[in-house]
Amino acid sequence: MNGKRLFVTVGTTKFDKLLKTVTNEEILGILHKLGYNQIQLQVGNGSYVEVKHESIELSYNTYFEDFDNEIEKSDLVISHAGAGSCLQVLKKKKPLIVVINDDLMDNHQLELAQELERQGYLYYGTCSTLNKLLLQDITKLAEYPTSNKTLFAKYINKCMGFS
Amino acid sequence: MEDSLWLELMILCLSLICLRFFYLVHKVTTSSATFPSAKRRLPAKTVICIGSGGHTTEMLELVKQLDTERYTPRHYILANSDTTSLGKVQSLETSRDHRIVAIPRSRSVGQSYFTSVVTTAYSTLYSVPILARIRPDLLLCNGPGTCVPLCVVAFVLKAAFVCDTKIVFVESFCRTKTFSLSGRILFYLADHILVQWPLLKSRCRRADYVGQLL
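These numbers were taken from a predicted model, which means no experiment stands behind them.

Q: So what about the overall build of chain B? Which residues, and what values?
A: A count of helical and extended segments in chain B gives seven helices and seven strands. Along chain B, helices (α) and strands (β) appear in the sequence α-β-α-β-α-β-α-β-α-β-α-β-α-β when read from the amino end. Taken against the 2.2 N^0.38 rule, which gives 17 Å for 214 residues, the C-alpha radius of gyration of chain B at 18 Å falls within 12% of a compact globule. Here chain B holds 214 residues, and the buried ones make up 47% of them. Taking as baseline every contact in chain B between residues at least 6 positions apart, the subset at least 24 positions apart corresponds to 68%. Looking at chain B as shown, the accessible area adds up to about 11000 Å², and 63% of this sits on carbon and sulfur atoms.

See the structure below:
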């Protein structure tokens, strides 16, 4: 049986605590039990210590030009709470776990994660609750609907008197 | 004699502009959004205010959906230090009709409060001749701090009859329950406010929600 692939992203931010949490013994153990054998970490501006694991292959990259492709290849994405990253994953309809950086006082990111969780599109938590988050049933997550690309143009047309 | 006449005229003009400023504020805040009834035939000169990071991505995602024939030429105003956003704008527009205007950055990360007042004032004044020359029909912004001075300038120019700009503010996707500071300031200046979450609409009577944009 082929193993599953996990993609961890921190965008362009620095979120070393997440990288450290994902690669600690306990979490790696849980991931192994869940059937993951490949973890790709996108580390942004952070610094990290490369971790080796006997049954999970870990690789580190600073940034990906083709983010969508990385998401596409993965079975689960763990992301920081940036709106851009979250949207990209949701649009690809991949299961998403969002980890809030509680060292940042950026509460509107929390606001977004809360709302998206309320609507059933993702699970969110902090580094210290990641172990419990991973045990949630990701098959229960709802698919993020594809947006209607004409709504904005219609609205602006109405504002400007084009329609 | 001549001098004092000029001075008096100046003061008169300025007070008229001030009065019209407050009249316009009153108009946009009290009337529920009025959409023009006359059909527009000429293309709209558009100014798009580019902030940074997530704001830029979001704004360009929306601009992509606009009809390029109707909204032309498109002027992108961004901070001269923001090369990431510049790259994103260029990769969206490639060969299409657009212009990029760089203005001095109003505040750098970690800059002290006092000096940021000075640099913000500088970048605000810097944008006056730019907007007066473009005289946009539409100013689009989605809430980075830098868009507030631009909207203020456009609004003053509107009060001075220099241009007739529709200011449209789109609140960022990450705002689900509360408005950003920029949003709360632009309640008084923007002609139209568009939000991306139904909950936010209840926070501002004037706000419009048309569905999921992104």
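Q: Help me get a handle on helix α5 (residues 147–159) of chain B, residues and values and all.
A: Residues and elements named next belong to chain B. End to end, α5 covers 18 Å across 13 residues, agreeing with the expected 18 Å (1.5 Å per residue, within 8%). α5 sits mainly inside the fold: 11 of its 13 residues count as buried. For α5, every residue scored as buried is listed here: Cys147, Val148, Pro149, Leu150, Cys151, Val153, Ala154, Phe155, Leu157, Lys158 and Ala159. Trailing α5 by a residue or two, Phe161 shows a phi angle of about 60°, which is positive.

Q: Give a description of the layout of surface pockets that names residues and reports values.
A: The calculated volume of the second largest pocket comes to roughly 540 Å³. Contributing to the lining of the second largest pocket are 26 residues, with Lys27(B), Lys158(B), Asp164(B), Lys166(B) and Asp191(B) lying nearest its centre. Those elements giving two or more residues to the lining of the second largest pocket turn out to be α7 (151–160) of chain A together with α1 (2–30) and α5 of chain B. For the lining of the second largest pocket, the element with the most residues is α1(B), which contributes five residues.

Q: I'd like a description of the packing of aromatic side chains, backed by residues and values.
A: Under the definition given, this model contains 12 aromatic pairs over all chains. Ring centres of Phe21(B) and Phe22(B) lie 5.5 Å apart, and the angle between their planes is 80°; on these two criteria the pair is classed as edge-to-face. On the accessibility criterion, Phe21(B) (21% relative accessible area) is partly exposed. Grouping aromatic residues by their ring pairs yields a cluster made of Phe7(A), Tyr63(A), Phe64(A) and Phe67(A).

Q: Can you lay out the UniProt feature "transmembrane region" (unreviewed entry) in chain B for me, pointing to particular residues and giving the numbers?
A: UniProt records the feature "transmembrane region" (unreviewed entry) for residues 6–25 of chain B in the present numbering. From the first C-alpha to the last, residues 6–25 of chain B spans 29 Å; its make-up is 100% helix and 0% strand.

Q: Provide a residue-level description of the interface of chain A and chain B, including the pertinent values.
A: Contacts between chain A and chain B engage 28 residues on the former and 37 residues on the latter. Of the roughly 3100 Å² buried at the junction of chain A and chain B (both faces included), carbon and sulfur atoms supply 65%. The shortest N-O distance in the salt bridge between Lys149(A) and Glu61(B) comes to 3.7 Å. Counting every contact that joins chain A to chain B gives 13 residue pairs in polar contact (both at pLDDT 80 or more). Listed by contribution, the elements that provide at least two residues to the side of chain A that touches chain B are α4 (83–91), α5 (107–118) and α7 of chain A.

Q: With reference to specific residues and values, describe the environment of Val195(B).
A: All names here are of chain B. For Val195, the location among the structural elements is in strand β6 (residues 192–195). Separated by 66 residues in the primary sequence, Val195 and Pro129 place their C-alpha atoms 31 Å from one another. Beyond its immediate chain neighbours, meaning those up to four positions away, Val195 contacts Glu171, Phe179, Leu200, Lys201, Ala207, Asp208 and Tyr209.

Q: So what's going on with the pattern of salt bridges? Residues and values would help.
A: Tallying each qualifying case throughout the model produces 13 salt bridges over all chains. Here Asp137(B) and Arg40(B) are joined by a salt bridge, their closest N and O atoms 3.1 Å apart. Taken as a pair, Asp137(B) in the loop between α4 (113–134) and β4 (138–141) and Arg40(B) in the loop between α1 and β1 (46–49) lie far apart in primary sequence, 97 residues in all. With a shortest N-O distance of 2.9 Å, Arg74(B) and Glu93(B) are connected by a salt bridge. Of the two residues, Arg74(B) is situated in strand β2 (residues 74–79) and Glu93(B) in helix α3 (residues 83–93); the sequence distance between them amounts to 19 residues. For the pair formed by Arg74(B) and Glu93(B), the shared burial category is buried. Connected via shared salt-bridge partners are Arg5(A), Glu70(A) and Lys73(A).

About the thresholds
Residues numbered from 1 in each chain as written. Chains lettered and ligands numbered in written order. Predicted model: local features only at pLDDT ≥ 70, side-chain atom pairs only at ≥ 80, totals over all residues. Heavy atoms only, no water. Helix = DSSP H or I, 4+ residues; strand = E, 2+ residues; numbered from the N terminus. Rg over C-alpha atoms; globule rule 2.2 N^0.38 Å. Buried < 20%, exposed > 50% of the residue type's maximum accessible area, 1.4 Å probe, protein only. Contact = heavy atoms within 4.5 Å. Areas by Shrake-Rupley, 256 points an atom, 1.4 Å probe, with all protein chains shown as cover. Expected span 1.5 Å × (residues − 1). 1 Å grid on protein atoms, 1.4 Å probe; cavity = no way out; pocket = protein on both sides within 12 Å on 5 of 7 lines; lining within 4 Å. Points joined across faces, edges and corners; volume = space filled by probe spheres on them. Phe/Tyr/Trp six-rings, centres within 6.5 Å; stacked < 30°, edge-to-face > 60°. UniProt positions renumbered as here; feature names shortened; annotations may be inferred. Buried area = accessible area lost by both parts, 1.4 Å probe. Salt bridge = Lys/Arg side-chain N within 4 Å of Asp/Glu carboxyl O. Polar contact = N/O pair within 3.5 Å; in protein donor to acceptor, adjacent residues only side chain to side chain.

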